[in-house]
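In case you want the letters, here they are:
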Amino acid sequence: MSLIDTARAVRENAYVPYSKFKVGAAIRTTSGNIYAGCNVENVAYPEGTCAEAGAIAAMVAGGDTRIAEITVIADSPKPVSPCGGCRQKIAEFADGDVVVTLATMDGIVLHTTVAELLPGSFDADYMSRV
């Protein structure tokens, strides 16, 4: 199953009673494992969880910590982009050249990289003096 297929399938499990905007994400790790996540809303905004954050949490819970590729899909007119917080979360576990595939349910696909999504990301180098 491709990452787009995995993200598309997990998207159906999204808990979105407020926005009705389902998002799915799938990660392939450097070890070859695949993890998925969907968005989970909460009536006490902004206490929900993004699909990307859910996939990253599943990855870490599964014992992996390096992203080799990530895909995000939603039913939107153009490929959905991760929010700023999720861009930083992805950058924590991925090198700048890691491919990020953004897709729509209609089959529109955009390929980018972590560095293109989050130029000048805050990383551990900034904390080298502590």
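Details of the structure are given in the entry above.
Criteria and thresholds
Position numbers for residues start from 1 in each chain and track the written sequence from start to end. Reporting of local features is limited, given that this is a predicted model, to residues whose pLDDT is at least 70; pairs of side-chain atoms are given and counted only at 80 or more, and all residues count toward the totals for whole chains, interfaces and linings. To obtain the side-chain values, all non-hydrogen atoms of the structure were included, while hydrogens and water were left out. For this analysis, a nonpolar core means a set of buried residues of the types Ala, Val, Leu, Ile, Met, Phe, Trp, Tyr and Cys, connected via side-chain atoms within 4.5 Å. Buried means the residue's accessible area, taken with a 1.4 Å probe over protein chains only, is under 20% of the maximum for its type, while exposed means over 50%, and partly exposed covers the values in between. Secondary structure follows DSSP: runs of H or I at least 4 residues long count as helices, runs of E at least 2 residues long count as strands, and numbering of each begins at the N terminus. In this description, strands pair whenever DSSP reports at least two bridges between them. Contact between two residues is taken to exist if any of their heavy atoms lie within 4.5 Å; hydrogens are not considered. Between N-to-C directions, angles span 0 to 180 degrees; the directions come from axes that are lines fitted to C-alpha atoms, helices contributing only their stretch in contact. Should an angle fall under 35 degrees it is called roughly parallel, over 145 degrees roughly antiparallel, and 65 to 115 degrees roughly perpendicular, with every other angle called oblique. In this scheme, a crossing is called left-handed if the near helix is turned counterclockwise away from the far one by less than a right angle; it is called right-handed if the turn is clockwise. Any residue that is not Ala, Val, Leu, Ile, Met, Phe, Trp, Tyr, Cys, Pro, Asp, Glu, Lys or Arg is counted as polar, Gly included; the first ten are nonpolar and the last four charged. The pairing test for Phe, Tyr and Trp rings, Trp by its six-membered ring, is centres within 6.5 Å, and the orientation test on the planes gives stacked under 30 degrees, edge-to-face over 60, and tilted for anything in between.

Novice: It is not clear to me how the nonpolar core should be interpreted in this structure. Could you clarify?
Specialist: Most often, soluble globular proteins have nonpolar side chains that are buried together. Ranked by size, the top nonpolar core spans 23 residues in total, and within it Ile 27, Ile 56, Met 59, Ile 67, Ile 90 and Val 114 carry the most contacts. Mapped onto this core, the elements with two or more residues apiece are β1 (23-29), α2 (51-61), β3 (67-74), α3 (84-93), β4 (99-104) and α4 (114-117). Grouped together as the second largest cluster of nonpolar side chains are 5 residues, Leu 3, Ala 7, Ala 26 and Ile 73 included.

Novice: I would appreciate a short explanation of the pairing of strand β2 (residues 34-38) in the present structure.
Specialist: Side-chain direction in a regular strand flips from residue to residue, so the side chains alternate between the two faces of the sheet. Here 5 bridges tie β1 to β2, and the two strands are oriented antiparallel to one another. Bridge pairing links Gly 24 to Cys 38 in β2.

Novice: I'm lost on α2 in this one. Help?
Specialist: Every α-helical turn comprises 3.6 residues, leaving residues that sit three or four positions apart pointing alike. Residues of α2 that are buried: Ala 51, Glu 52, Ala 53, Gly 54, Ala 55, Ile 56 and Met 59. Check the buried side of α2 and you find it contacts β1, β2, β3 and α3. Gly 63 occupies a position one or two residues after α2 and carries a positive phi of about 95°.

Novice: What exactly am I supposed to notice about the pairing of β1 here?
Specialist: Most of β1 is tucked away, with 6 of its 7 residues classed as buried. Of the pairings in the sheet, the one linking β1 to β3 comprises 7 bridges and is antiparallel in character. Each bridged residue has a counterpart across the sheet, and for Ala 25 the counterpart in β3 is Val 72. Hairpin remark: β1 followed by β2, antiparallel, with 4 residues in the connecting loop; positive phi at Gly 32, about 95°.

Novice: Can you walk me through the packing of α2 against α3 in this structure?
Specialist: When two helices pack together, you describe them by how their axes are tilted relative to each other and by the distance separating the axes. In the contact formed by α2 and α3, the axes pass within 9 Å of each other and the chain directions differ by 25°. Classified by the angle their axes make, α2 and α3 are roughly parallel. The two elements α2 and α3 meet at a crossing, and its hand is left-handed. Packed against α2, whose contacting residues are Glu 52, Ala 53, Ile 56, Met 59 and Val 60, the element α3 presents Cys 86, Lys 89, Ile 90 and Phe 93 at the interface. The residue inventory of the contact of α2 with α3, partitioned by class, reads 7 nonpolar, no polar and 2 charged.

Novice: I tried to follow the packing of aromatic side chains on my own but got confused; where do I start?
Specialist: The relation between two aromatic rings is expressed through the spacing of the ring centres and the mutual angle of the planes. Taken as a whole and judged by the stated rule, the model has 2 aromatic pairs. Ring centres of Tyr 18 and Tyr 45 lie 6.2 Å apart, and the angle between their planes is 85°; on these two criteria the pair is classed as edge-to-face. In this pair, Tyr 18 is assigned in the loop between α1 (3-11) and β1 and Tyr 45 in the loop between β2 and α2, connecting sequence segments 27 residues apart.

Novice: What is the right way to look at unusual backbone geometry in this model?
Specialist: Glycine aside, negative phi is the norm for most residues, and most peptide bonds take the trans geometry. Pro 46 follows Tyr 45 through a cis peptide bond whose omega is 5°. In this structure, Pro 46 sits in the loop between β2 and α2. Backbone geometry places Lys 20, a non-glycine residue, at a positive phi of 65°. Along the polypeptide, Lys 20 turns up in the loop between α1 and β1. The exposure class of Lys 20 is exposed, given its relative accessible area of 61%.

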